Every structure is written in structure tokens, then in C-alpha cells.
Amino acid sequence: MSDLVALLLTPFLAACLFVGIHTWLGLQVLRRKVVFADLALAQLSALGGTIAVAVGHAPGGAAGFGYAFALTLLGAALLTVTRRVSAQVGQEAVIGILYVVATAAAVLVVDRSPQGAEHVKRMLVGDILTVNATDLLKLALIYAAVAAVHALSRRHFLATEEDGLQRRQRFTALWDFLFYATFGLVVTSSVAVAGVLLVFSFLIIPAVIGSLFSARIGVALGVGWGTGIAASVLGFAASVTLDAPTGATMVVAFASVLLVAAGTRALFFAAPETRRLNGRRAAVSVATALSVAVGAQGVWLMAQPTGDQPLLALIETGLGTGPERFLTESELRVFREAAEMERGHRAEVERLAGMERNARWRGEALREEELRRISSFQQTFNEMGRGERFVQDHLRALARARERWIVGVPMTALSGLGLLLLFRCCKPGSRVR
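Residues numbered from 1 in each chain as written. Predicted model: local features only at pLDDT ≥ 70, side-chain atom pairs only at ≥ 80, totals over all residues. Heavy atoms only, no water.

## Structural notes on the overall build of the protein chain
No. 1: In terms of regular secondary structure, the protein chain is built from 14 helices and zero strands.
No. 2: The buried share of the protein chain, reckoned over its 433 residues, is 39%.
No. 3: When the accessible surface of the protein chain is split by element, carbon and sulfur atoms take 66% of a total near 23,700 Å². (Helix = DSSP H or I, 4+ residues; strand = E, 2+ residues; numbered from the N terminus. Buried < 20%, exposed > 50% of the residue type's maximum accessible area, 1.4 Å probe, protein only. Areas by Shrake-Rupley, 256 points an atom, 1.4 Å probe, with all protein chains shown as cover.)

So, in C-alpha cells, the structure goes:
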């Protein structure tokens, strides 16, 4: 456990830094109505890093940072200029074009570079677990400098066209460029560590959550910081528990926290009458979704009994049953034996993977011969497990074919009855609307 804490401590501190600076920037982006500016600048930063790797510089080096920041400054200049000439089409259209062009250019560069697929993956989701103390110090210094600039220029950065203040300023373009330049510096530093997708999540989701609960920027900032750190903790925990890629898992965690926050805001923090109306709408929406899902599952079971039946499998798991009840005694015996053998093979694969992972965490790299042996054993047990799963899948498909009418017809009828009742409750003049 202590090894795990030591492994995650520095990445978690980096995530806290990301939440701190990006939430502030995200609130300003929302006020300026240029939500996707982050994606455009992040993609330009990723393009710069990709060009640096393609011409022979080491990934993550000073040259890569220079290329990335140079292209990000170019993007900042374009966003500043186009704000004054995009009144007819909107600046979001310009930002979208900038993002598409940067993405296409990155694909063209990656196509000519070795290990292009791996670079694209790192560019999108990053690898926050590789952050070390030196990286953390660099990020802290960069973010502190940006925070100082924003603290001194807070009044100018927070001014919007609706405020009427910027129209009276002589150096509006200069303030815009300074904002986008500091924004680009933060994005360039973050993308190199966390990737485009996670940086966008750090920027927008905590800021949106804060804005849901308060229009005051101080309160919104505090709420955004709290929920952003909570989402980071959830993402790290889910990544470790599920042994899943950390960056992608954290993006999903941030989205989950946003959904919970939006539901909490609608059901508990709105005006009393609005809360009651939102509660009724939420109940109707959930009931409708469940009815449609049950009906679709019933129709799918009747049409394709041998295909995957995800909802039915979930219901059976909750009830502690399964399609095996439609098997004969001999078929059920074979099914259970195959399931038991597969569990044994899977446990052996996980044990071998745990040996390699624990050795890596402790800094005790395994010899090449040991790694080859573990890889060979894992491949063998995986093949044996696939064989046992094939037996289970065959018997499960046989059972599904026998239950298609017995279960499919009632599910479809139940769904139709539920939708009919909901329609009667929600038609004009009823209480639930």
C-alpha cells in the first residue's frame, strides 16, 4: 500500500495543480464564450510536440516544448485577430477550423514518423503517472508565474463585451493576446503531461460545475476546485482498481462528477417549485428510458437470441440467475466446469501480471528472461481461458435460443404497458409534465 501511495502522490499533486490553474482559466473561457479554444490551442501544442519528435528531438524535451509553445503563440495571435473579424460567423467557427487544421497537420506529421500510433495515443491521453518531482516543480513555477500575471490583470481579463468595459479600453487586443498567450503557456505545459483530452476536462468540467452553483466567480472557483480534486481522486482510484489507463479513466471520472453535480443542482439547489418539477421530470425520464431499454432488449432477444444480451445479462446478474436454467443437467455441468477452469486461468494471469507490476513499483526491474517467461505463461493461460469461454458462449447461446419467446415476449409487452402508462400520465392536462 505504501508503494502505491508513493507512486500516485506526485501525479496527484500534479492533478491538483492542473485543477487549480485550469479551473480559473476555464471560468474565463466560459465568460468569453470560447469553450473550444482550449482544444484548439491544445491541438496546436500537440502538433508542435509532434513536429519536434518527427525532426529528431526527444519526446518531452526542451525542443519539443519550444515547438509546442511557438505554435500555441501562433494560435493565440490568430484567436486575438479573428475576434475582431469573426462577428458574422462567430469565433467558435474560427476555433473549430483551427482545431481541424491542427489535427489534420498532426496526422500528416505522425504518418511520417516512427511509432506514430503510440505518439498519437500519448498526445490524446498523456501519461500523468510519469510525472516526477522535477516535472512537478517546473509546472508549479510556470503556473505560479501565470497566476501572478492574471492576478495583476484580473480586471482586464474578466471584462466581457457585455460589460461594456472592453469597448472603452485602448489596448483590448493586447489584453486578449496576453490572455491567450498565458492560456497557451499553461496548455502547452499541461498537454505534455496529461494529453489533450484530460487537459480539456481539467479546464472545462470543474468550471462548468462551479458555474452551475454560483454566478460569483469566487464561489464558482471554490466549487470547481473542490469537485475537480474529488474527480481526480475518483479517477486515480478507478484506474488502480480496474487496472485501466489513467488519463482516459480520469476523463470519465470528471464526466461522472459533472453528471452528479448537475443532478444535485437540479434536485436540491433550485427553487422549491423548480425542484419538484425537476424531480418529476427526472422520474419520468428514467422510467421512459428503462421502458424503452426493456422493450429493445425483448425485441433483440427474439430477433437475435445468440447475440449479446447486455441488459438481460445485467438483470439476471442482479437476480442471481442466468440463461443456464434453460440447459439440461449434463449441459449445465459442462458449463460450470468451463467457468471454474476459466476463473482459475484468469487468476493465474492476474497473479503473473501482479508480480511484474509489484516489481516495477518497487523499482526492482525483472530480468529479460523472467519477463519472457511471464509473458509466455500469460499467453498460454489466456489461450486456455479463451477456449473455456468459447464453451460457455456456445452453451449460453443455446440457452438463449430456448428462452427467446419465454422471456422476450413478456419483456416487450411490459415495456409497451409502461410506455402507455407514461404517455397517459404526461399528456396535456395531467399532473406530470
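Still more to cover.
## A word on helix α10 (residues 246–268)
No. 1: Spanning 23 residues, α10 covers 32 Å between terminal C-alpha atoms, matching the ideal 33 Å at 1.5 Å per step.
No. 2: Along α10, the residues classified as buried are T246, G247, T249, M250, A253, F254, V257 and A261. (Expected span 1.5 Å × (residues − 1).)

## Some points on the side chain of T246
No. 1: For T246, the position within the fold is in helix α10.
No. 2: A relative accessible area of 10% means that T246 is categorised as buried.
No. 3: For T246, the side chain forms a polar contact with the side chain of S239, separated by 3.0 Å. (Polar contact = N/O pair within 3.5 Å; in protein donor to acceptor, adjacent residues only side chain to side chain.)

## Considering the nonpolar core
When a protein is soluble and globular, its nonpolar side chains tend to lie buried together.
No. 1: Membership of the largest hydrophobic core comes to 57 residues, with the highest contact counts inside it found for F18, L25, I128, Y180, F183, F202 and M250.
No. 2: Elements that contribute at least two residues to this core include exactly α1 (2–32), α2 (37–54), α3 (62–85), α4 (91–111), α6 (133–152), α8 (172–213), α9 (217–242) and α10.
No. 3: Examining the composition of this core, we find that 18 residues originate from one element, α8, more than from any other.
No. 4: The contact partners of L25, leaving out residues within four places of it in the chain, are H150, F179, F183, V186 and L203.
No. 5: Counting residues in hydrophobic clusters, the runner-up holds eleven residues, among them V294, L332, F335 and A399. (Core = buried A, V, L, I, M, F, W, Y, C linked by side-chain atoms within 4.5 Å. Contact = heavy atoms within 4.5 Å.)

## Section: the packing of helix α11 (residues 272–303) against helix α12 (residues 310–319)
No. 1: Axis separation between α11 and α12 bottoms out at 8 Å; the angle between their running directions is 110°. Taken as axis vectors, α11 and α12 run roughly perpendicular relative to one another. Counting all contacts with α11, which are made through A293, V294, Q297 and L301, the residues of α12 involved are P310, L311 and L312.
No. 2: For the contact of α11 with α12, a count of residues per class yields six nonpolar, one polar and no charged. (Axes fitted to C-alpha atoms, helices over the stretch in contact; angles between N-to-C directions. Parallel < 35°, antiparallel > 145°, perpendicular 65-115°, else oblique. Nonpolar A, V, L, I, M, F, W, Y, C, P; charged D, E, K, R; others polar.)

## A closer look at the packing of aromatic side chains
No. 1: If you walk through the whole model with that rule in mind, you get seven aromatic pairs.
No. 2: A centroid spacing of 5.3 Å and a plane angle of 65° characterise the contact between F179 and Y180, whose relative ring orientation is edge-to-face. Across the pair, exposure class does not vary: F179 and Y180 are buried alike. (Phe/Tyr/Trp six-rings, centres within 6.5 Å; stacked < 30°, edge-to-face > 60°.)

## Description of the confidence of the model for the protein chain
No. 1: For the protein chain, mean pLDDT is 80; residues scoring 70 or higher make up 84% of the total.
No. 2: When pLDDT is averaged over each element of the protein chain, α9 comes out on top at 91 and helix α5 (residues 116–125) at the bottom at 59.
No. 3: Under a pLDDT of 50 for its full length, residues 161–169 has, in the predicted model, 18 contacts with residues more than four places off or in other chains. (pLDDT = per-residue confidence, 0-100.)

## Some points on the side chain of H22
No. 1: Inspection of the secondary structure puts H22 in helix α1.
No. 2: Of the polar contacts made by the side chain of H22, one reaches the backbone oxygen of F18; its length is 2.8 Å.
No. 3: Separated by 3.2 Å, the side chains of H22 and S190 make a polar contact.
No. 4: Apart from the residues within four sequence positions on either side, H22 is in contact with Y143, V186, S190, V199, F202 and L203.

## Observations concerning the environment of L352
No. 1: Take L352: it is sitting in helix α13 (residues 329–361).
No. 2: Overall, the relative accessible area of 4% leaves L352 in the buried class.
No. 3: Taking the C-alpha atoms as reference points, L352 and Q378, 26 residues apart in sequence, are found 7.0 Å from one another.

## Thoughts on the packing of α9 against α10
No. 1: At a closest axis distance of 8 Å, the pairing of α9 and α10 adopts a crossing angle of 135°. By the criterion of interaxial angle, the relationship of α9 to α10 is oblique. The crossing of α9 and α10 is right-handed. Residue-level inspection shows T227, G228, A231, S232, L234, G235, F236, A238 and S239 of α9 in contact with α10, the latter providing T246, T249, M250, A253, F254 and V257.
No. 2: Of the residues belonging to the contact of α9 with α10, the class tally is eight nonpolar, seven polar and no charged. (Left-handed = near helix turned anticlockwise from the far one by under 90°.)

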